[in-house]
Amino acid sequence: GDSVTQMEGPVTLSEEAFLTINCTYTATGYPSLFWYVQYPGEGLQLLLKATKADDKGSNKGFEATYRKETTSFHLEKGSVQVSDSAVYFCALSDPGANSKLTFGKGITLSVRP
Amino acid sequence: DTGVSQDPRHKITKRGQNVTFRCDPISEHNRLYWYRQTLGQGPEFLTYFQNEAQLEKSRLLSDRFSAERPKGSFSTLEIQRTEQGDSAMYLCASSLALGQGDGYTFGSGTRLTVV
């Protein structure tokens, strides 16, 4: 079955540090890939997505590139801010699965001033 | 449109009681999903509707769980004879059926605590 594996957390960084959150996946079809973010007290929000190999999704300074050869979709940001503190989930949607999402466990990012 | 609404935000119930949650999706969205999220885990798929038809149910959805979406608008998720293992955040999401590349809009969830 489909699965998503995220690096273990939590992650604590200083403001303006570089961020990488690793995500790898296993899928039976050719999935679309997503990063969702959950800020404290709020619902899940779509951060970015990529639908085919070598696509780069980007939003709010975050980027992730769909790497089919390594089945990865790592999230990066060049300079994190305190306001980026949240839980980040990597997810996939398999074409044969009615667009339901399979999520990783999530990772908590804390950015200190 | 204010997005996906879920009610209640929090529910505390005694073991063995029945509970019902409501989800109001974005009005033009024809797909509606229910997910469950336990502490330290990502959301797990429970069930999905296209309009009023329930098209898929996860094996996580035991016989004590039932979901409906009358008239293809709001949806309800009922848990009968609740158990402590049912304690979780129940998330609703909606989307347009335009293909797998389209992301969802999630509600803020209903947090269930079974004591």
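Look up a bit, the structure's there.
Attention in this report is confined to the structure presented alongside it. Note that this is a predicted model, so its numbers are computed, not measured.

On to the sheet that holds strand β8 (residues 62-65) of chain A. Residues and elements named next belong to chain A. The four strands lie next to each other as β3-β9-β8-β7, forming an open sheet whose pairing is antiparallel. Two strands close off the open sheet at either side, each with one partner strand: β3 (19-21) and β7 (56-59). On average, each strand axis in the sheet is inclined to that of its neighbour by 15 degrees, with strand direction left out of account. Summarising the sheet, β3 and strand β9 (residues 75-77) pair through three bridges and their orientation is antiparallel. Looking at β9, one finds that T20 is bridged to E76.

What follows deals with the interface of chain B and chain A. Listed by partner, the interface residues are 22 residues for chain B and 24 residues for chain A. A buried area of about 1,700 Å², summed over both sides, lies between chain B and chain A, and 47% of it is on carbon and sulfur atoms. Counting every contact that joins chain B to chain A gives one salt bridge. Here K100(A) makes a salt bridge to E56(B), at a shortest N to O gap of 2.6 Å. For the pair chain B and chain A, the number of links is four residue pairs in polar contact (both at pLDDT 80 or more). Looking at the side of chain B that touches chain A, the elements with two or more residues in it are β4 (31-37) and β5 (44-50) of chain B. When residues in the side of chain B that touches chain A are grouped by element, the largest group, four residues, is from β4(B).

Each value, and the rule that gives it
- Here, residues in each chain are numbered from 1, in the same order as that chain's written sequence.
- To label them, take the chains in the order written and letter them from A, then take the ligands in the order written and number them from 1.
- Local features are withheld for residues below a pLDDT of 70 in this predicted model, meaning they are given only at 70 or higher, and side-chain atom pairs are given and counted only at 80 or more; totals for whole chains, interfaces and linings count all residues.
- Working from all heavy atoms in the structure, the side-chain values ignore hydrogens and water.
- Only when DSSP finds a minimum of two bridges between them are two strands counted as paired.
- Secondary structure follows DSSP: runs of H or I at least 4 residues long count as helices, runs of E at least 2 residues long count as strands, and numbering of each begins at the N terminus.
- A fitted line through C-alpha atoms represents every axis, and for helices the fit uses only the stretch in contact; the resulting angles, taken between N-to-C directions, go from 0 to 180 degrees.
- Residue contacts follow a heavy-atom distance rule, with two residues in contact if any of their heavy atoms lie within 4.5 Å.
- Accessible surface is computed with a 1.4 Å probe, and the buried area is the amount of it that two parts give up when combined, taken over both parts together.
- Salt bridges are identified by distance alone: a Lys or Arg side-chain nitrogen within 4 Å of an Asp or Glu carboxyl oxygen.
- N or O atoms within 3.5 Å of each other form a polar contact, as long as, within protein, one can give a hydrogen and the other can take it, and as long as residues adjacent in sequence are counted only when both atoms are side-chain atoms.

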